[in-house]
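# Analysis of the macromolecular model
Below, each chain spelled out in residue letters.
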Amino acid sequence: MPEVLVATWENGVFAVGEAGSEHELAGRSVQHLAVDGRGAMLAVVDGQSLQRRGSDGSWMPIASAGNNLLRCCVASQGNLYLGTDDARVFRVNESEPPGASGLVELQGFQSVPGRATWRAGQALVNGTLMGPPLGVRSLSATLEGALLVNVHVGGIPRSTDGGATWQPTIEVEADVHEVRAHPRRANIVAAAAAAGLCLSSDGGATWRVERDGLHDAYCSAVAFLGDDVLVAASEGHFASSGRIYRRPIDGSAALQPLIDGAAGWTDGIVDTHCIAVNGQRIAFADQGGKLYLSRDCGRSWSSSRYGSASPSSVHFL
């Protein structure tokens, strides 16, 4: 049986197990994987639909984007929320009749204080404009229902009333790439940013930045392993290698490599949404098409190749 799903930007989803991998949604662009709060897997497909995975590996659309370009989703307190590549947030209404989009825009997100200072995360590289437009890069929600929206580049607006109103939190120039709330500790949130690892102990209202132990401050992905935090760091988005680090959430210990020695260096970076944790299991995918898997909290590792397409998201089934 497949154990891990690896979504890719160009060629669907690879369902990876001990016996190999199965290919789902072949030829499709899959932006993000998430769970729907009821145990089923969701995927943002081609930027135009939110789909739910059946137990047989089939996918069924549950909401359509219309003229919007979807990027990521999160489940919170019985609702599903979607972020778009033009920096908007929608709530999914699955009670809509067939043919309707099933999306309700959260209008309050359009009036976040400081929104005028947001900018696209693009840069000129060898004369070519590279990078994504201004948009929602990741979403998360605390156990108490606070919604956290990582805008790239626009900080992390936060809502405590289901998305009706929003307040800015971290500085826009921190350049956040992923935000993730702890699955069991209500007030703990982490973010991976160009400024370093960002940690919050008040549900994402305020932040502190940690860099001690990192070989470089540029962080691109983050996850929680029990009472530890994991973060991916590199010299930049187009770096030839990167590394995953680990430290306890509490206290001030320096970050340590998750995998010791030369084996811990990845082929390119580990990007947003590409670290997954489930119990004692850890999985992450690098830009070279390699999936790393540990079933014992990182004490031992195996690796396999899932395909040649760049990963967009990794999730345990």
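Overview of the structure.

Scoring rules and cut-offs
Residues numbered from 1 in each chain as written. Predicted model: local features only at pLDDT ≥ 70, side-chain atom pairs only at ≥ 80, totals over all residues. Heavy atoms only, no water. Disulfide = S-S within 2.5 Å. Buried < 20%, exposed > 50% of the residue type's maximum accessible area, 1.4 Å probe, protein only. Pairing = 2+ DSSP bridges. Helix = DSSP H or I, 4+ residues; strand = E, 2+ residues; numbered from the N terminus. Axes fitted to C-alpha atoms, helices over the stretch in contact; angles between N-to-C directions.

As a further point, take the state of the cysteines. For the coordinates displayed, the defined rule picks out 0 disulfides. No disulfide involves cysteine 219; its sulfur sits 7.7 Å from that of cysteine 198, the nearest cysteine. Its relative accessible area of 0% is what places cysteine 219 among the buried residues. A disulfide-free cysteine, cysteine 274 has its sulfur positioned 13 Å from the sulfur of cysteine 72, the nearest such atom. Taking relative accessible area as the criterion, cysteine 274 reaches 0% and is therefore assigned buried.

We now examine the sheet that holds strand S17 (residues 176-181). Pairing in this open sheet of 4 strands is antiparallel, and the strands run S17-S18-S19-S20 from one edge to the other. One side of each edge strand has no neighbouring strand; the edge strands of this open sheet are S17 and strand S20 (208-210). For this sheet, the mean angle separating the axes of adjacent strands, direction not counted, is 25°. Judged from the 5 bridges that link them, strand S18 (residues 189-193) and strand S19 (residues 196-200) form a sheet pairing that is antiparallel. Residue pairing across strands places alanine 191 opposite cysteine 198, the latter belonging to S19.

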